[in-house]
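The residues making up each chain are set out below.
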Amino acid sequence: MSTPQDTPPMGRHHAPESPTAAGPRAGNGTGTALVRLINAGKRYGAVIALQDITMEVSAGEVTCVLGDNGAGKSTLIKIIAGLHQPSSGVYEVDGEPVSFNSPREALDHGIATVYQDLAVVPLMPVWRNFFLGNEIKKGPRIDIPAMKTMCKDELLAMGIDLRDVDQPIGTLSGGERQCVAISRAVHFGAKVLILDEPTAALGVKQSGVVLKYIIQARERGLGVVFITHNPHHAYPVGDRFLLLNRGTSIGYFEKSQITRDELTGLMAGGAELEQLSHELEGAGGAAAEIGAVLGEEVAELGIADRPAPAAAPATESDAR
Amino acid sequence: MAQTAQAPVAPPPRADERLGRKSPVARMLARPEAGAIAGAIVIYIFFFIIAPPFRNASSFSSVLYVTSTYGLMATPVALLMIGGEFDLSAGVAVTSSALTASLFMYEFTTVAWVGVLVALAVSLFIGFLNGWIVIKTGIPSFLVTLGTFFMLQGLNIALTQTITNQVSSPDISTLQGFSSSRVVFSGSFTVGGVNIRTSVLYWIVFVIIATWILLRTHIGNWIFAVGGHAPSARAVGVPVGRMKIGLFMAVGFMAWFTGMHTLFLFNTIQAGQGIGNEFVYIIAAVVGGCLLTGGYGSAVGAGIGALIFGMVNQGIVYAGWNPDWFQFFVGLLLLGAILLNTYIRRRAEAAI
Amino acid sequence: MRRSRSRAIGIALFMIISLVLAACSATGGKRAADAAANGGGGVVAGHANTKHFTVAMITHAAAGDTFWDIIRHGAIAAAAKDNITLKYSSSDDPTKQAQLITDAINSHVDGLAVTDPNPGALCPTIQKAKQAGIPVVMFNAGYTNWQTCGGMEYFGQDEMIAGVAAGKRLAAAGKKNVLCVLQAQGQAQLEARCAGVKQGLGSEGTMSKLYVNGTDSSAVLSSMTADLTRAKSTDAVITLGAQFALIAIQAISQTHSTAKLYTFDTSAAEIAKIKSGAVQWAVDQQPYLQGYLSVDSLWLYLVNGDTIGGGQTVLTGPSFVDSTNVAQVGKFAAAGNR
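Cut-off values and rules
- Residues numbered from 1 in each chain as written.
- Chains lettered and ligands numbered in written order.
- Predicted model: local features only at pLDDT ≥ 70, side-chain atom pairs only at ≥ 80, totals over all residues.
- Helix = DSSP H or I, 4+ residues; strand = E, 2+ residues; numbered from the N terminus.
- Buried ≥ 20, exposed ≤ 12 C-beta atoms within 10 Å, placed from the backbone.
- Contact = placed C-beta atoms within 7 Å.
- Nonpolar A, V, L, I, M, F, W, Y, C, P; charged D, E, K, R; others polar.
- Pairing = 2+ DSSP bridges.
- Axes fitted to C-alpha atoms, helices over the stretch in contact; angles between N-to-C directions.
- Parallel < 35°, antiparallel > 145°, perpendicular 65-115°, else oblique.
- Left-handed = near helix turned anticlockwise from the far one by under 90°.
- Core = buried A, V, L, I, M, F, W, Y, C linked by C-beta atoms within 7 Å.

Scanning chain A from N- to C-terminus turns up 10 helices and 12 strands. Scored against the burial criterion, the 320 residues of chain A give a buried share of 50%.

Structure follows, in structure tokens:
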């Protein structure tokens, strides 16, 4: 694996605002966060998809967003990626409040999202995918040799040695495809990478490869928002952890504040028990009583904050 | 159709770290049009052997001519299919364009070229409308263009009937500018005693342009992307809607060109013409390696597909087979060409 | 790229406008046609003071066929004269045509004029009209069984007889190898014409058939070209529709064939070609007459109980349009009535 400093970023299309190794390492909280959400929420009509979310990611940091299906992770991504605007709260980039109307605007601010489908076109060659939407032009034509070389080099810099960048990207393994998508985002000047469940569909080995690239990206000074439902993937690479359940934050920790087991417990038990207690309380009568007891137990165990409105800001200030 | 692009043709199976085996031949076989070329060669040899008139140059020039009338349209139709959409109105759009031109120039007694330009505007507009409806409504283009197919078919007849009180356009050959238009759109020249129509040259030129756009420009990259997986293309900033509308307009443009060719060759146009040709265009594109699901194919392939269709159509007549069986043989040979095509492509994919 | 395209459209529009203002054609076009026509256009035959009727005419015409235009012109002329509202509809698909006839029965029209190219499919439906008390006149197609279908009268030509007449005339002209071009496959009428030609030729010559795709002029041209190249001995080409004769002219000249050209049916453009000698003659079944008589006979029946033909077929053809009578026919053809 080559060190990132060997290869200066080559994004000539978005002159990158130097996302190199200058950023602070690991979540020590100094300097302005690249991306910060303060009490952000999102409603779709009467449906509350997300409320009171506070989180941030700084250069050279990985913030993990954990949660089960339907926890609000994808809504969160859509807000950060510029697909949706938050209906409440503040979205700051580099300390400035922003309001994005399209993913393109987010991209122009250096915020790149790698979706689960990776935004790659399976039947197209790797290099065409790499430069899709950012083709290098030579007059009216595209500069194919330059793009092939650059693609190969850039992938090598991320430690991916492809035998042939001309092969359809669909023929790569899931992990390799993730890596191509990540290195593409890095190449085109991303300062913040949002990775949507990059390990979800992968086996153990492939997941390891992807986690390695997340660390690489961090070492290159990028801020990474790593969305996953797997605490075992999140804990080794993460600097901060945001736990979501049913659209609300059930905890926001720095790595020093939480152990892997606690994180796992929160993910596995906390969310589930929490939900169960909610349901029981909602049912009324005896069930409600049991639900309340259950809820207390959960709180005592310290594996989940009750979604009281005050809880989230408190954790946020803790985190700083 | 674009949304399921990930599933359809399973990408060639992986075979890690076995670089050296990929010869230039294997590379060529992996091209979308490889199977079609093989099919074309087989059909050529087949008719060369069984149909003596097929062997002389002037006959082949006539094969090329009929090929060009399909191939001109098959080219943009292939681009559109690579871009993930269909145009079922392509066949009647040719007639619409020719009718527009002839009725305009005749009714207003203008120089022929005026009608030609009006038809160009109308054809581009029809293409724009197809694309715009598809993009705005999200209804599959198969359905949208099926609608416009019927509408154009009806308009062709109703407007012609209303304006001329007949169902064919009036003879425009006495108008000023007719002969120059004819030279441009429907001319012919003689090389070594063989008469060749200019439409054949136009066809080849348009195939080259389309191929260049597809493989050597960013537009081509985007065409593959919007057809291969539109959400991905959108995510990296490709203007998916504009690309698709542009492709529909390219079909409109070529419908105009083909329409002008037909008009100036025959002087009048029957309002009911062109129905059914949309499938010939799509068949040519598919035989030539375009995926029905989009994102894969080539303009050269569509050209070869049109050539196969042209050779089969003419070859059967040259061979003098019982005409009652004509359609059957057309279908049989096309099916054979497609099977060979598929077989070759599978082999090529396995060899990668 | 979009911007440059819209600019191109803009330029095109500008050019169109300036050309419209500046460059009208000095020759041809509607202006010349209007100047030549000097008032000889549509046929008007007065207006009857009889009760108003509604007549449905339902044919098997494929959309956009010149021949059927002429039939319709005749029907319209009769309807205008007879104080009749004409409802014309057509489909070349027997099932749809049957449906159209059913629709007409259900809307209680006063009379029905139908063609029957496909006796098996349409007879039952036509009989229903008769049962419903609607008088039915048949024309153009259905020569063999119009009586059993419940038709009151029949106006048309026997395609077989027409074909035989054409074949005999070809034989008399010494033609040995005749090519019969069919624009559609599996249409009884067209097949009957070719079969008739063959019978008419008898032992004098041979006939071969060529099917072409009638909805694609380029394909028609190419197929004819191919066949003329293959069979160099072809000395006569006979097409089964006027517009195909016009294409055949090109095919013959392209292949430097010595074959002469003949055709069934007429149109204004084709009659001009008979005048110029490019087409030798056309078998004319007088489609205008078929349309006109169908409507007019219904009127006669409705107002006076008259029937024409005494239970026999009223033949409107075949007659021939050739160099001897083309000048006379040509006068009417320009108005789209021959």
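Resuming the write-up.
Note on interface size: it is often stated as the accessible area lost on association of the parts. Counting from both sides, the interface comprises 23 residues of chain B and, opposite them, 22 residues of chain A. Counting only elements with at least two residues in the side of chain B that touches chain A, the list comes to helix H9 (218–228) and helix H10 (230–235) of chain B. It is H9(B) that contributes the most residues to the side of chain B that touches chain A, five residues altogether. Here the residues of the side of chain B that touches chain A sort into 11 nonpolar, nine polar and three charged.

This part takes up the sheet that holds strand E7 (residues 206–211) of chain C. Residues and elements named next belong to chain C. Taken in spatial order, the six strands line up as E7-E6-E8-E9-E10-E12 in an open sheet, and their pairing is mixed. On the outer flanks of this sheet lie E7 and strand E12 (319–321), each paired with one strand and no other. With strand direction ignored, the average angle separating the axes of adjacent strands in the sheet is 25 degrees. Direction of pairing for strand E10 (residues 281–284) relative to E12: antiparallel, over a ladder of three bridges. Looking at the pairing, alanine 282 lines up with valine 321 of E12. Seen against the sheet, helix H7 (residues 159–172) touches strand E6 (177–182), strand E8 (236–239), strand E9 (260–264) and E10 and runs at an angle of roughly 160 degrees to E10.

All names here are of chain B. Between helix H2 (residues 34–50) and helix H13 (residues 299–319), the least distance of the axes is 9 Å, while the angle of their chain directions is 15 degrees. Taken together, the axes of H2 and H13 are roughly parallel relative to one another. The handedness of the crossing between H2 and H13 is left-handed. Contacts from Ala36, Ile37, Gly39, Ala40, Ile43, Tyr44, Phe47 and Ile50 of H2 reach H13 at Gly301, Ile304, Gly305, Leu307, Ile308, Met311, Val312, Gly315, Tyr318 and Ala319. Across the contact of H2 with H13, the residue classes tally to 14 nonpolar, four polar and no charged.

On to the environment of Ala285(B), then. For Ala285(B), the location among the structural elements is in helix H12 (residues 277–287). Ignoring sequence-local partners within four residues, the contact set of Ala285(B) consists of Ala74(B), Val77(B), Ala78(B), Met81(B), Cys290(B), Gly297(B), Ala302(B) and Gly305(B).

Turning our attention to the packing of H7(C) against helix H8 (residues 188–201) of chain C. Residues and elements named next belong to chain C. One can describe the packing of H7 onto H8 by two numbers: an axis separation of 6 Å at closest approach and a directional angle of 40 degrees. Viewed along their axes, H7 and H8 form a crossing whose handedness is right-handed. Each of Glu159, Met160, Ile161, Ala162, Gly163, Val164, Ala165, Ala166, Gly167, Lys168, Leu170 and Ala171 in H7 lies in contact with H8, whose residues at this interface are Gln189, Ala192, Arg193, Cys194, Ala195, Gly196, Val197, Lys198, Gln199, Gly200 and Leu201. A per-class count over the contact of H7 with H8 returns 13 nonpolar, six polar and four charged.

This brings us to the nonpolar core. Judged by nonpolar contacts, the single largest core of 302 residues is most densely connected at Leu193(A), Val77(B), Ala284(B), Ala285(B), Ile308(B), Val181(C) and Val295(C). Examining the composition of this core, we find that 17 residues originate from one element, helix H11 (residues 240–266) of chain B, more than from any other. Those residues in contact with Val295(C), other than ones at most four positions away along the chain, are Val55(C), Ala75(C), Ala78(C), Ala79(C), Asp82(C), Ile84(C), Leu86(C) and Ala113(C).

Backbone-to-backbone hydrogen bonds pair the strands of a sheet. The strands run either parallel or antiparallel. All names here are of chain C. Taken in spatial order, the six strands of this open sheet run E2-E1-E3-E4-E5-E11, and their pairing is parallel. Looking along the sheet, the strands with just one partner apiece sit at the ends: strand E2 (84–90) and strand E11 (314–315). Across seven bridges, the pairing between strand E1 (residues 53–59) and E2 is parallel. Its bridge partner being in E2, threonine 54 is matched across the sheet by threonine 85. Relative to E1, helix H4 (residues 94–106) is tilted by about 170 degrees, and along the sheet it contacts E1, E2 and strand E3 (111–114).

Moving on to the interface of chain C and chain B. Residue-level contacts link 47 residues of chain C with 52 residues of chain B. Secondary structure elements with two or more residues in the side of chain C that touches chain B: helix H1 (2–22), helix H2 (29–37), helix H3 (66–81), E7, helix H9 (217–230) and helix H10 (242–254) of chain C. No other element matches the 10 residues that H9(C) contributes to the side of chain C that touches chain B. Looking at the side of chain C that touches chain B, its residues break down into 21 nonpolar, 17 polar and nine charged.

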